[in-house]
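Each chain, written out:
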Amino acid sequence: MTNPIRYAVVFFIIAGAISKTTLAQSVEKTLRDMAAQVSKNLPMMVNAEVQATAVAASGNRIMDKYDVLKPKERIHTFRVTNDHYENSVNAMCSNPGIVNLLKQGAVLMYQFYDNRNSLLFEMSVTQRDCVAKR
């Protein structure tokens, strides 16, 4: 699978979890349920260099943790950041359930760490990102 497709697999696991929730649930409960569902499928290799390792929800935020299986010195952080941001926005903003959560104030956060567990970068997707995509 290509990188965008692998990223989409992780994101659509999240999106699939939304379909199992009801609109009556709060954003916070929906995100907690999503995190619990996604956790069942982790760890998961996204590509040869990146592994999705954890997900957690707190309040209106859901955070995904990714490990890049190289030392910081050998990582093209700019490329990884751009690739992940583009793939995230495309996958999340094309899913009506996710867009609805974002409209209600949900924030999708991502943290990337190197193989020594040093934070490389973090980013988020909000409703603003979906509006900008149009």
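Let us look at the structure shown here. (Residues numbered from 1 in each chain as written. Predicted model: local features only at pLDDT ≥ 70, side-chain atom pairs only at ≥ 80, totals over all residues. Heavy atoms only, no water.)

### Quick word on the overall build of the chain
Inference 1: When you go through the chain residue by residue, the secondary structure sums to five helices and five strands.
Inference 2: Listing every helix and strand of the chain by position from the N terminus yields α-α-β-β-β-α-α-β-β-α.
Inference 3: Out of the 134 residues belonging to the chain, those deemed buried represent 45%.
Inference 4: Looking at the chain alone, contacts between residues at least 24 apart form 59% of all its contacts between residues at least 6 apart. (Helix = DSSP H or I, 4+ residues; strand = E, 2+ residues; numbered from the N terminus. Buried < 20%, exposed > 50% of the residue type's maximum accessible area, 1.4 Å probe, protein only. Contact = heavy atoms within 4.5 Å.)

### Looking at the nonpolar core
Inference 1: Residues Leu108, Tyr110 and Phe112 are the most contacted members of the largest nonpolar core, which totals 33 residues.
Inference 2: Those elements that provide at least two residues to this core are α2 (27–39), β2 (50–58), β3 (61–68), α3 (77–93), α4 (96–103), β4 (107–113) and β5 (119–125). (Core = buried A, V, L, I, M, F, W, Y, C linked by side-chain atoms within 4.5 Å.)

### Things to note about the pairing of β5
Inference 1: Sheet topology note: the β4/β5 ladder contains six bridges and is antiparallel. Bridging across to β5, Met109 finds its partner in Ser124.
Inference 2: Two successive antiparallel strands, β4 and β5, enclose a turn made up of five residues, where Asn117 displays a positive phi of approximately 65°. (Pairing = 2+ DSSP bridges.)

### Re the sheet that holds strand β1 (residues 44–45)
Inference 1: Strands sit in the order β1-β2-β3-β4-β5 across an open sheet of five strands; the sheet is mixed. Across the chains shown, the open sheet's two edge strands, defined by having one partner strand only, are β1 and β5.
Inference 2: Sheet topology places β1 next to β2; two bridges connect them, and they run antiparallel. If you follow Met44 over to β2, its bridge partner there is Ala52.
Inference 3: Across the face of the sheet, α3 comes into contact with β3, β4 and β5 while running at roughly 25° to β5. (Axes fitted to C-alpha atoms, helices over the stretch in contact; angles between N-to-C directions.)

### So, the state of the cysteines
Inference 1: Counted by the stated rule, this structure contains one disulfide.
Inference 2: What pairs with Cys93 in a disulfide is Cys130, and their sulfur atoms sit 1.9 Å apart. With the S-S dihedral at roughly -80°, the linkage between Cys93 and Cys130 falls on the left-handed side. Of this pair, Cys93 sits in helix α3 while Cys130 sits in helix α5 (residues 127–133), placing them 37 residues apart in sequence.
Inference 3: Residue class for Cys93 comes out buried when judged on its relative accessible area of 14%.
Inference 4: Residue Cys130 is classed as buried on the basis of its relative accessible area of 6%. (Disulfide = S-S within 2.5 Å.)

### Brief notes about the packing of aromatic side chains
Inference 1: Counted by the stated rule, this structure contains three aromatic pairs.
Inference 2: Each ring, one from Tyr66 and one from Phe112, has its centre 4.8 Å from the other, and the planes form 15°; the classification is stacked. In this pair, Tyr66 sits in strand β3 while Phe112 sits in strand β4, placing the two residues 46 residues apart along the sequence.
Inference 3: Under the relative-accessibility criterion, Tyr66 is labelled buried at 0%.
Inference 4: Relative to Phe121, the ring of Phe112 lies with its centre 4.6 Å away and its plane at 15°, an arrangement referred to as stacked.
Inference 5: Judged by relative accessible area, which is 11%, Phe121 ranks as buried. (Phe/Tyr/Trp six-rings, centres within 6.5 Å; stacked < 30°, edge-to-face > 60°.)

Geometric descriptors of this kind do not, in isolation, establish any biological role.
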